[in-house]
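# Breakdown of the fold
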Amino acid sequence: MSELRVTAIASLHAEFSVPGDKSISHRAAIFSGLANGLCSIRNFLPSEDCINTLNAMQALGARYEVLEELSGYGPNQLVIHGRSMQLSAPTTPIDCGNSGTGMRLLAGLLAGQSFDSELFGDASLSSRPMGRVTNPLGQMGARIETRGAKPGCAPLFIHGSALTPITYQMPVASAQVKSAVLLAGMFAKGTTTVIQPAETRDHTERMLAAFGIATHQDGQAISIDGGQMPQACEFSVPGDISSAAFWLVAAAALPGSRLLLKDVGLNPTRTAILKVLGRMGAHMIETNQHATGEPVGNVEIHGAPLTGTTLLAEEIPNLIDEIPVLAVAAALASGRTLIRNARELRVKETDRITTVVNNLRAMGAEVIEFDDGMEIQGGHPLHAAEIDSFGDHRIAMAFAIAGLFAEGETIIRNTECVNTSYPGFAHHLQAILEQRSTPDAFTLPTHSHL
Ligand code: S3P
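Summary of the structure given here. All values derive from a computational prediction rather than experimental measurement. (Residues numbered from 1 in each chain as written. Predicted model: local features only at pLDDT ≥ 70, side-chain atom pairs only at ≥ 80, totals over all residues. Heavy atoms only, no water.)

Time to look at the site of the ligand. Neighbouring the ligand are the residues Ser23, Arg27, Thr101, Ala173, Ser174, Ala175, Gln176, Arg201, Ile320, Asp321 and Lys348. Contact between the ligand and Ser23: an oxygen atom at 2.7 Å from a side-chain N or O atom of the residue. Summarising the interface, the protein chains cover 94% of the accessible area of the ligand, which totals 380 Å² for the free molecule. Mapped onto the shell around the ligand, the elements with two or more residues apiece are helix H1 (22-34) and helix H5 (175-186). Looking at the shell around the ligand, its residues break down into three nonpolar, four polar and four charged. Here the shell around the ligand spans two domains, and each of domain 1 (3-19 + 238-448) and domain 2 (22-236) adds at least three residues to it. (Near = heavy atom within 4 Å. Polar contact = N/O pair within 3.5 Å; in protein donor to acceptor, adjacent residues only side chain to side chain. Areas by Shrake-Rupley, 256 points an atom, 1.4 Å probe, with all protein chains shown as cover. Helix = DSSP H or I, 4+ residues; strand = E, 2+ residues; numbered from the N terminus. Nonpolar A, V, L, I, M, F, W, Y, C, P; charged D, E, K, R; others polar. Domains from an automatic or database assignment.)

Following this line, the structure appears as structure tokens:
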């Protein structure tokens, strides 16, 4: 079982890029597999989660070829042979690993096929709620059995059916649910509409547009007409702001530091983390902004003494994955930080309210746990501890960042899970611990297949 060992740093001066965005990479694999020809994807995230989705599409007939790989991980440049919306039946059950995004989006895709399929995942994924996708897909006419030991959970047995369009009011603000319904809507006859209770990440809508598929947005209602053909295209995945968040917090909380992260995705449905760190006192400059479907730019951040803040209800879906590391920032800030309206954290890869609260307390922070969040009284010095990730990648990485500010050597146990979203995290952490500042120190080795 692998571990990370972290000690305090005195300064942070660095420039580098984080790997590709996880949400966008999943979608790039799925929509390329449906397109009417050869699609090329640059800066694909070769994490276990996204490779599982790539292999799922291959099992459905959409072959891929690797042009370049991140050594030791998997493809980061590839071409996918799209199937013009004609998938083939998989011969074995499809493994979604640890990924809620992979399983929920694929459930939407598979609901309207003319064949049966099965999706399964690891112990964590098999305990996460799938009713949020099987309910709307069931209303569209799909027959999906949740055969997990826990009611409403994976494995999913999907009996592909002809789908009828629905208008679906989502009970939770979830981009995964929205995307599953829109994917199913591509195979339904007529107009499918999904209404979100609050804005959620819009990568699916943007990627549908990049593939030439029309959607219509009216307030929080998004509609799609079935029967459209995705047009093959080239796609470049920006750096993942959720991975960038770990280093942004480290730099923000260390007065005198300067960090430049290049080519980060700056989609406004994902950038609340920047607003919150700014509110806490960090100084930030966004440069080189451009958009090719997804907004991208460089983020330069300068550390400062941070003060606590209150996360706004409407910010929560926009930074849900960054809350573990924001909680670490809050422990390092002076004053109180309040995080409420975040009950969804309890059904992520772990119950992230409990895992964050327990790990922060183990390092000396003062935290009150609520059903839907936590209150952190910052400013107590952190001390080293042995921290369990509980198999959750974002918990492992958030507490590696806490270790950079703690007295003594923090040991994070059970860190293989980091590869589900951030291949190369340990390499970047090592460069920061050794206070190397050149971009070379952060470059992850690649291998070309051309
Ligand atoms: C994701 C949506 C979010 C997020 C997850 C990725 C996506 O989940 O937490 O890591 O790619 O659509 P929900 O849809 O459950 O909010």
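Don't stop here, the text continues.
So, on to the pairing of strand E19 (residues 366-370). Here E19 runs beside strand E20 (residues 373-378); their pairing, made up of five bridges, is antiparallel. When the bridges of E20 are listed, Ile368 appears paired with Glu375. (Pairing = 2+ DSSP bridges.)

Now for the packing of helix H7 (residues 241-252) against helix H12 (residues 393-403). At a minimum axis distance of 9 Å, the contact between H7 and H12 shows a crossing angle of 20°. Between H7 and H12, the crossing angle belongs to the class labelled roughly parallel. Handedness of the crossing formed by H7 with H12: right-handed. Counting all contacts with H7, which are made through Ser242, Phe246, Trp247, Val249 and Ala250, the residues of H12 involved are Arg394, Met397, Ala398 and Ile401. Residue classes in the contact of H7 with H12 are distributed as seven nonpolar, one polar and one charged. (Axes fitted to C-alpha atoms, helices over the stretch in contact; angles between N-to-C directions. Parallel < 35°, antiparallel > 145°, perpendicular 65-115°, else oblique. Left-handed = near helix turned anticlockwise from the far one by under 90°. Contact = heavy atoms within 4.5 Å.)

Backbone torsion omega between Ala154 and Pro155 reads 5°, so that peptide bond is classified as cis. Tracing the backbone shows Pro155 in the loop between strand E8 (143-146) and strand E9 (156-159). A positive phi angle is found at Asn341, which is not glycine, with a value near 60°. Relative to the assigned elements, Asn341 resides in the loop between strand E18 (335-339) and helix H11 (352-362).

Before going further, it helps to examine the pattern of salt bridges. For the coordinates displayed, the defined rule picks out 28 salt bridges. Note that Asp21 is salt-bridged to Arg270, the shortest N-O span being 2.9 Å. Taken together, the positions of Asp21 in the loop between strand E2 (13-16) and H1 and Arg270 in the loop between strand E15 (258-265) and helix H8 (272-280) put the pair 249 residues apart, joining distant regions of the chain. Residue Asp21 shares its accessibility class with Arg270, and that shared class is buried. Residue Arg279 pairs with Glu315 through a salt bridge whose shortest N-O separation is 2.7 Å. (Salt bridge = Lys/Arg side-chain N within 4 Å of Asp/Glu carboxyl O. Buried < 20%, exposed > 50% of the residue type's maximum accessible area, 1.4 Å probe, protein only.)

Once that is clear, we can look at the sheet that holds strand E22 (residues 410-413). What links the strands of a sheet is backbone hydrogen bonding, and the strands pair in either a parallel or an antiparallel sense. Strand order in the open sheet formed by three strands is E1-E22-E21, with mixed pairing between adjacent strands. Of all strands in the sheet, those with a lone pairing partner are strand E1 (3-6) and strand E21 (386-388), marking the two edges. Within the sheet, the average angular offset between the axes of one strand and its neighbour, ignoring direction, is 20°. By the bridge criterion, four bridges tie E1 to E22 in an arrangement that is antiparallel.

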